Amino acid sequence: MLRSGPFTDERVIGLLNQRFIPIYFDLSSKSPASDIDAKRFVTQLKPELGGSRVPTPPVLFVTADGELLGEVSNYASESEVLGALRDVLRKNSKYAKPSDGEDERSRLARAHTHHYLGEDEEAMALLSGPRSAKESLFVAQIARRAGDLDIAEKVLEGLDSKKFADDIALEHGLLAFARGDVKTMRLRLAAYSEEGARAPEARYFLGIALFHLGEHAQARATWKKLIEQYGEHPFSYRADWAYTQTTDEGLAAERSSFTTQGRKSLLGRHGYMGRNNPDLTRRSD
Amino acid sequence: MLLATLLLLSLPQDPALEHPVRLDRTGIVWALPFENARERARLEGRLLAIKPVAFGTTATGCW
């Protein structure tokens, strides 16, 4: 679930990399990802994770000395994970200080960090006045995520539509999704080129648009092609999740959750996907 | 030559090369192994964000 959901969000990834020391390991001693020291440390905090049958472990926020300061469910949404990261930093501000040299980075990089921390006013203040195209694109993203869709649209209209055609197409597609206009979303995302740096993201959301337009088989074919083309990629994980939750007729009647057995997904995953993909249910809620 | 080969084989391996994390493409810079992560958390004044996986990883890094 985390890999196919929150771990595709640049804000979650950015915060984990810039304000935490992230680590994962497998509780099984037989796994290539096992770590006996990590297991000892974690089972002191969470004894219930020490057995052979354990609940799905959450993400734990812990000091180096072993004080558990927070956690978030494995099945949390992007906004829930982001909220938990920001919350634990806000409540324990001594762990949230900027790294050495952080203030010497470009203003766009600093604006990104403010945005990850939920400090959008500071991010916008940094990017006020004359802006580069990349900075304007980022301003449009901030506005879209804040729900200021008209502002986002206006910022995009000021960009060179030929030079930044892919970026603009993707942003317009995501804006249309936010407005619930999946026809426009499809048109915008279909215009994204194969060569663009965010092509997997554009293809994933094109599949989502098709799905909501009732073109379920075509949506699944789009996700399948994405996975075949890009392999291990954050939006392949997300497409993998969408694929497992659907059939050519629509949402799968019995959507799978965690299992160590049974049918695998296209990427060979068994589970950790969760039952409810918000991208698939958003319009039918 | 034999001595050089033996010396090379005895060098500690980068944990990331032997760990399924090498296939991870999330963009998250996972710290490995745990004791290194813990030391970094101390030195850098950061919290550890620990994701234990319940018996779900395979040699291909699946979880």
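Owing to the predicted nature of the structure, the values given are computational and were not obtained by experimental measurement.

Conventions used here
- Residues numbered from 1 in each chain as written.
- Chains lettered and ligands numbered in written order.
- Predicted model: local features only at pLDDT ≥ 70, side-chain atom pairs only at ≥ 80, totals over all residues.
- Heavy atoms only, no water.
- Pairing = 2+ DSSP bridges.
- Helix = DSSP H or I, 4+ residues; strand = E, 2+ residues; numbered from the N terminus.
- Contact = heavy atoms within 4.5 Å.
- Buried area = accessible area lost by both parts, 1.4 Å probe.
- Salt bridge = Lys/Arg side-chain N within 4 Å of Asp/Glu carboxyl O.
- pLDDT = per-residue confidence, 0-100.
- Phe/Tyr/Trp six-rings, centres within 6.5 Å; stacked < 30°, edge-to-face > 60°.
- Buried < 20%, exposed > 50% of the residue type's maximum accessible area, 1.4 Å probe, protein only.
- Lys NZ or Arg CZ within 6 Å of the ring centre and 35° of its normal.
- Expected span 1.5 Å × (residues − 1).
- Axes fitted to C-alpha atoms, helices over the stretch in contact; angles between N-to-C directions.
- Parallel < 35°, antiparallel > 145°, perpendicular 65-115°, else oblique.
- Left-handed = near helix turned anticlockwise from the far one by under 90°.

### Observations concerning the pairing of strand β3 (residues 68-72) of chain A
All names here are of chain A.
Consideration 1: With four bridges connecting them, strand β2 (residues 59-62) and β3 associate as antiparallel partners. Of the residues in β3, the one forming a bridge with V62 is L68.
Consideration 2: Counting the residues between successive antiparallel strands, the hairpin from β2 to β3 contains five residues, one of them, G66, with a positive phi of roughly 95 degrees.

### With respect to the interface of chain A and chain B
Consideration 1: Each side of the interface is counted separately: chain A has 57 residues, and chain B has 41 residues.
Consideration 2: Together, I21, I23 and Y24 of chain A form the three largest contributors to the area buried by chain A at its contact with chain B, with a combined 21%.
Consideration 3: Joining chain A to chain B, the criterion identifies one salt bridge.
Consideration 4: Note that D65 of chain A and R42 of chain B form a salt bridge whose closest N and O atoms lie 3.2 Å from each other.
Consideration 5: If one sorts the elements of the side of chain A that touches chain B by residue count, strand β1 (residues 20-26) of chain A sits on top with seven residues.
Consideration 6: Pairing geometry for β1 of chain A and strand β1 (residues 47-53) of chain B, over seven bridges, is parallel. Its bridge partner lying in β1 of chain B, F25 of chain A is registered against P52 of chain B.

### As for the confidence of the model for chain A
Consideration 1: For chain A, mean pLDDT is 90; residues scoring 70 or higher make up 92% of the total.
Consideration 2: Across chain A, element-level confidence peaks in β2 of chain A with a mean pLDDT of 98 and bottoms out in helix α13 (residues 278-281) of chain A with 84.

### Quick notes on the packing of aromatic side chains
Consideration 1: Applying the stated criterion across every chain, the model contains 10 aromatic pairs over all chains.
Consideration 2: Taking the centre distance of 4.8 Å and the plane angle of 50 degrees together, the rings of F41 of chain A and F34 of chain B count as tilted. Of this pair, F41 of chain A sits in helix α2 (residues 36-45) while F34 of chain B sits in helix α3 (residues 34-44), on two different chains. Comparing F41 of chain A with F34 of chain B, the two get one shared label, buried.
Consideration 3: Summarising the aromatic geometry, the rings of F211 of chain A and W223 of chain A are spaced 6.3 Å apart at their centres and angled 35 degrees between planes, so their arrangement reads as tilted. Of this pair, F211 of chain A sits in helix α10 (residues 199-212) while W223 of chain A is found in helix α11 (residues 216-230), placing the two residues 12 residues apart along the sequence. In this structure, F211 of chain A and W223 of chain A share a single accessibility class: buried.
Consideration 4: One aromatic cluster is present, built from ring pairs that chain together F177, Y204, F205, F211, W223 and F235 of chain A.
Consideration 5: Above the plane of the ring of Y243 of chain A lies R220 of chain A, whose end atom (NZ or CZ) is 3.9 Å from the centre.

### A closer look at unusual backbone geometry
Glycine aside, negative phi is the norm for most residues, and most peptide bonds take the trans geometry.
Consideration 1: In the segment running from L32 of chain B into P33 of chain B, the intervening peptide bond is cis, with an omega of -20 degrees.
Consideration 2: Relative to the assigned elements, P33 of chain B resides in the loop between α2 (15-18) and α3.

### Some thoughts on the confidence of the model for chain B
All names here are of chain B.
Consideration 1: Summing up the model confidence of chain B, the mean pLDDT is 73 and the portion of residues at 70 or higher is 54%.
Consideration 2: Per-element mean pLDDT across chain B ranges from 48 in helix α1 (residues 2-10) up to 97 in α3.
Consideration 3: Here residues 6-13 is modelled with pLDDT under 50, and outside its nearest four sequence neighbours on either side it reaches one contact, counting other chains as well.
Consideration 4: Interface scoring of the predicted complex returns ipTM 0.88; its pTM is 0.87.

### Here's the deal with helix α3 (residues 78-91) of chain A
Consideration 1: The end-to-end C-alpha separation of α3 of chain A is 20 Å, in line with the 20 Å expected for 14 residues at 1.5 Å each.
Consideration 2: The set of residues buried in α3 of chain A consists of V81, L82, A84, L85, R86, V88 and L89 of chain A.
Consideration 3: In the core, the buried residues of α3 of chain A are packed alongside α1 (10-19), β1, β2, β3 and α4 (107-116) of chain A together with β1 of chain B.

### Description of the packing of α10 of chain A against helix α12 (residues 234-244) of chain A
Residue and element names in this part refer to chain A.
Consideration 1: Where α10 contacts α12, the two axes come as close as 9 Å, and the packing angle between them is 15 degrees. In this view, α10 runs roughly parallel relative to α12, as classed from their interaxial angle. Crossing of α10 over α12 shows left-handed handedness. Taken together, the residues of α12 that come into contact with α10 (itself represented by P200, E201, Y204 and F205) are F235, R238, A239 and A242.

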